[in-house]
Amino acid sequence: AAGVIQSPRHLIKEKRETATLKCYPIPRHDTVYWYQQGPGQDPQFLISFYEKMQSDKGSIPDRFSAQQFSDYHSELNMSSLELGDSALYFCASIGNYGYTFGSGTRLTVV
Amino acid sequence: AQKITQTQPGMFVQEKEAVTLDCTYDTSDPSYGLFWYKQPSSGEMIFLIYQGSYDQQNATEGRYSLNFQKARKSANLVISASQLGDSAMYFCAMREGGRDRDDKIIFGKGTRLHILP
């Protein structure tokens with residue numbers, strides 16, 4: 001069965017650079033959630049989209065923005081990167097019961 | 001206030017033994033869902049099991065079962081006959097609201113399980 005696809009898997013950026021993370025949800029699933037998981041931490045909710053509209057917002061910095069496109073894929077744009085942004089970024093869409101997560105993008109800011 | 005509490009930061013268990021990972025939750029919503037996820041060192045988040053608040057029976061999925069005690073707001077994960085490959089971080093998570101509501105899920109702090117040969 002098709003899963004949630006995230007790209008890239010790994011990303012290394014320098015401070016103050018920008019990064020774009022992509023998420024392709026399960027086909028025909030219209031809701032996407034973004035999470036940030038710092039080293040040794042639990043995943044923290046950032047933002048979600050339903051039918052291309054923002055549906056909920058968590059602890060997402062103002063330097064980050066996201067959107068969902070007509071094909072339901074979503075992009076998380078991160079600007080003025082800081083060392084503290086180094087984390088594993090997950091997106092998820094809803095399966096039968098569980099929220100199916102992608103493999104994540106590991107962002108390292110140097 | 002923490003909505004999901006996992007009191008065991010780490011556990012060491014002998015291979016083939018059963019394991020119980022504790023999880024308590026806090027919600028005033030009568031309709032909610034509880035999840036367990038496994039995160040191996042590779043980082044992926046693997047869905048294990050789901051329990052709805054109105055489900056009459058405890059959920060089971062192969063070697064995984066969820067010991068759901070609604071009055072105690074407890075949703076412990078039981079892994080039977082543990083294997084070396086079960087070594088990972090385990091997260092308990094909750095969604096408030098019924099399944100028709102596409103609400104976010106929130107995670108506990110996790111329990112790191114080590115299976116010893």
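Residues numbered from 1 in each chain as written. Chains lettered and ligands numbered in written order. Predicted model: local features only at pLDDT ≥ 70, side-chain atom pairs only at ≥ 80, totals over all residues. Heavy atoms only, no water.

1. Quick word on the interface of chain B and chain A
Defined as follows: Only heavy atoms enter the contact rule, under which two residues are in contact if any of them lie within 4.5 Å. Put simply, buried area is how much 1.4 Å-probe accessible surface two parts lose in total, over both of them, once they are put together. What makes a salt bridge here is a side-chain nitrogen of Lys or Arg within 4 Å of a carboxyl oxygen of Asp or Glu, nothing more. Here a polar contact means two N or O atoms within 3.5 Å. Within protein one must be a hydrogen donor candidate and the other an acceptor candidate, and residues neighboring in sequence count only if both atoms are side-chain atoms. Secondary structure elements are defined from DSSP: runs of H or I of at least 4 residues count as helices, runs of E of at least 2 residues count as strands, and each element is numbered from the N terminus.
Counting residues at the interface gives 20 residues for chain B and 20 residues for chain A. When chain B packs against chain A, the two sides together hide about 1600 Å² of surface, and 55% of this comes from carbon and sulfur. Taken together, chain B and chain A are joined by 2 salt bridges. Here A:Asp42 ties to B:Lys109 by a salt bridge, and the two come within 3.3 Å at their closest N and O atoms. Our enumeration of links across chain B and chain A arrives at 6 residue pairs in polar contact (both at pLDDT 80 or more). If you list the elements that add at least two residues to the side of chain B that touches chain A, you get strand E5 (32-39), strand E6 (46-52), strand E10 (88-96) and strand E11 (105-107) of chain B.

2. Quick notes on the state of the cysteines
Let me state the cut-off plainly: The term disulfide is used for any two cysteine sulfur atoms that are within 2.5 Å. Each residue is assigned to one of three classes by its accessible area relative to the maximum for its type, calculated with a 1.4 Å probe on protein chains only: buried under 20%, partly exposed between the two thresholds, exposed over 50%.
Within the structure shown, the criterion is met by 2 disulfides over all chains. The side chain of A:Cys23 participates in a disulfide bridge whose partner is A:Cys91; the two sulfur atoms lie 1.9 Å from each other. Looking along the S-S bond of the A:Cys23-A:Cys91 disulfide, the torsion reads about 80°, which is the right-handed sense. A residue pair is termed long-range when its members are at least 10 positions apart, and A:Cys23 in strand E3 (residues 19-24) and A:Cys91 in strand E9 (residues 87-94) qualify at 68 residues. Given the relative accessible area of 0%, A:Cys23 is considered buried. What pairs with B:Cys23 in a disulfide is B:Cys92, and their sulfur atoms sit 2.0 Å apart. The sign of the -65° torsion about the S-S bond sets the B:Cys23-B:Cys92 disulfide as left-handed. With a gap of 69 residues between them, B:Cys23 in the loop between strand E3 (19-21) and strand E4 (24-25) and B:Cys92 in strand E10 connect regions that are remote in the sequence. Like B:Cys92, B:Cys23 is buried.

3. Side note on the pattern of salt bridges
Residues and elements named next belong to chain A. All chains considered together, the criterion is met by 8 salt bridges over all chains. The salt bridge involving Glu 75 is made with Lys 22; its shortest N-O contact spans 3.9 Å. In this pair, Glu 75 sits in strand E8 (residues 74-78) while Lys 22 sits in strand E3, placing the two residues 53 residues apart along the sequence. In this structure Glu 75 comes out as buried when scored by relative accessible area, which is 14%. In this structure Lys 22 comes out as partly exposed when scored by relative accessible area, which is 31%. Counted as one network, the salt bridges with shared partners bring together Arg 63, Glu 82 and Asp 85.

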